[in-house]
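Close look at the chain arrangement
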Amino acid sequence: MLQRPFAVAARRRRMLDALVLRIAESSVEAICALVADRIQSMGLCEARGYVRARASAEIRRQARQAFSQQPGVDPAWEPLVVLRATERVGPLALRQLSATRTRQVGATSQRRAA
């Protein structure tokens, strides 16, 4: 008898987690383009905060789009999804920017060696 409410809650949690991940991943490219030049001289904590602050508009835009395309999602969940996607996008963007920077440094050093 208690399994049904827990199953519904678990299904809802999985759906929200998938929605958060989809929003964060679809926002990463735009956010990286937005912050790439500014975070070059920042430390990790400062860069993470800067990315989170600058990402909010893009995350909200992506969330509105995702909520309009996803049937059965309660619009009241949007602030929670935006908050969680904003927290998730910081590490994703920093990881991508770091990988891009590493590739650029590697390509530069190979050109010098040749």
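Predicted, not measured: the structure shown is a model, and the values here were computed from it.

Criteria and cut-off values
- Residues numbered from 1 in each chain as written.
- Predicted model: local features only at pLDDT ≥ 70, side-chain atom pairs only at ≥ 80, totals over all residues.
- Heavy atoms only, no water.
- Helix = DSSP H or I, 4+ residues; strand = E, 2+ residues; numbered from the N terminus.
- Buried < 20%, exposed > 50% of the residue type's maximum accessible area, 1.4 Å probe, protein only.
- Areas by Shrake-Rupley, 256 points an atom, 1.4 Å probe, with all protein chains shown as cover.
- 1 Å grid on protein atoms, 1.4 Å probe; cavity = no way out; pocket = protein on both sides within 12 Å on 5 of 7 lines; lining within 4 Å.
- Points joined across faces, edges and corners; volume = space filled by probe spheres on them.
- pLDDT = per-residue confidence, 0-100.
- Salt bridge = Lys/Arg side-chain N within 4 Å of Asp/Glu carboxyl O.
- Contact = heavy atoms within 4.5 Å.
- Polar contact = N/O pair within 3.5 Å; in protein donor to acceptor, adjacent residues only side chain to side chain.
- Expected span 1.5 Å × (residues − 1).

Digging into the overall build of the protein chain
- When its secondary structure is counted, the protein chain shows three helices and zero strands.
- Along the chain direction, N to C, the helices and strands of the protein chain fall in the order α-α-α.
- Expressed as a percentage of its 114 residues, the buried residues of the protein chain come to 30%.
- Of the roughly 7800 Å² of accessible surface on the protein chain, 55% is carried by carbon and sulfur atoms.

So, the layout of surface pockets
- Considering only enclosed or pocket space, the largest pocket measures out at about 250 Å³ in volume.
- Around the largest pocket, the lining is made up of 13 residues, and of these Ile39, Gln40, Leu97, Ser98 and Arg101 lie nearest the centre.
- For the lining of the largest pocket, the elements supplying multiple residues, two or more each, are helix H2 (44-69) and helix H3 (78-113).

Structural notes on the confidence of the model for the protein chain
- Across the protein chain, the average pLDDT comes to 87, with 88% of residues at or above 70.
- Within the protein chain, the lowest mean pLDDT, 82, falls on H3, and the highest, 93, falls on H2.

Here we look at the pattern of salt bridges
- Throughout the structure, instances matching the rule amount to three salt bridges.
- Here glutamate 58 ties to arginine 61 by a salt bridge, and the two come within 2.7 Å at their closest N and O atoms. Placement of both glutamate 58 and arginine 61 in helix H2 is noted, with a separation of three residues, approximately one turn of the helix.
- The exposure class of glutamate 58 is buried, given its relative accessible area of 14%.
- By relative accessible area, arginine 61 is classed as partly exposed at 41%.

A few points about the side chain of glutamine 62
- For glutamine 62, the location among the structural elements is in helix H2.
- Once you skip the residues sitting within four places of it in the chain, glutamine 62 turns out to touch Ile23, Ser26 and Ser27.

So, the side chain of threonine 86
- Locating threonine 86 in the fold gives a position in helix H3.
- Within the structure, threonine 86 has its side chain in polar contact with the backbone oxygen of valine 82 (distance 2.7 Å).
- The contact partners of threonine 86, leaving out residues within four places of it in the chain, are Arg52 and Ile59.

Structural notes on H2
- Under the 1.5 Å per step criterion, the end-to-end length of H2 is 35 Å for 26 residues, consistent within 8% with the ideal 38 Å.
- Turning to H2, its buried residues are Ala47, Tyr50, Val51, Ala55, Glu58, Ile59, Gln62, Ala63, Ala66 and Phe67.

Topic: the environment of alanine 57
- Mapped onto the secondary structure, alanine 57 falls in helix H2.
- Separated by 25 residues in sequence, alanine 57 and valine 82 place their C-alpha atoms 9.8 Å apart.

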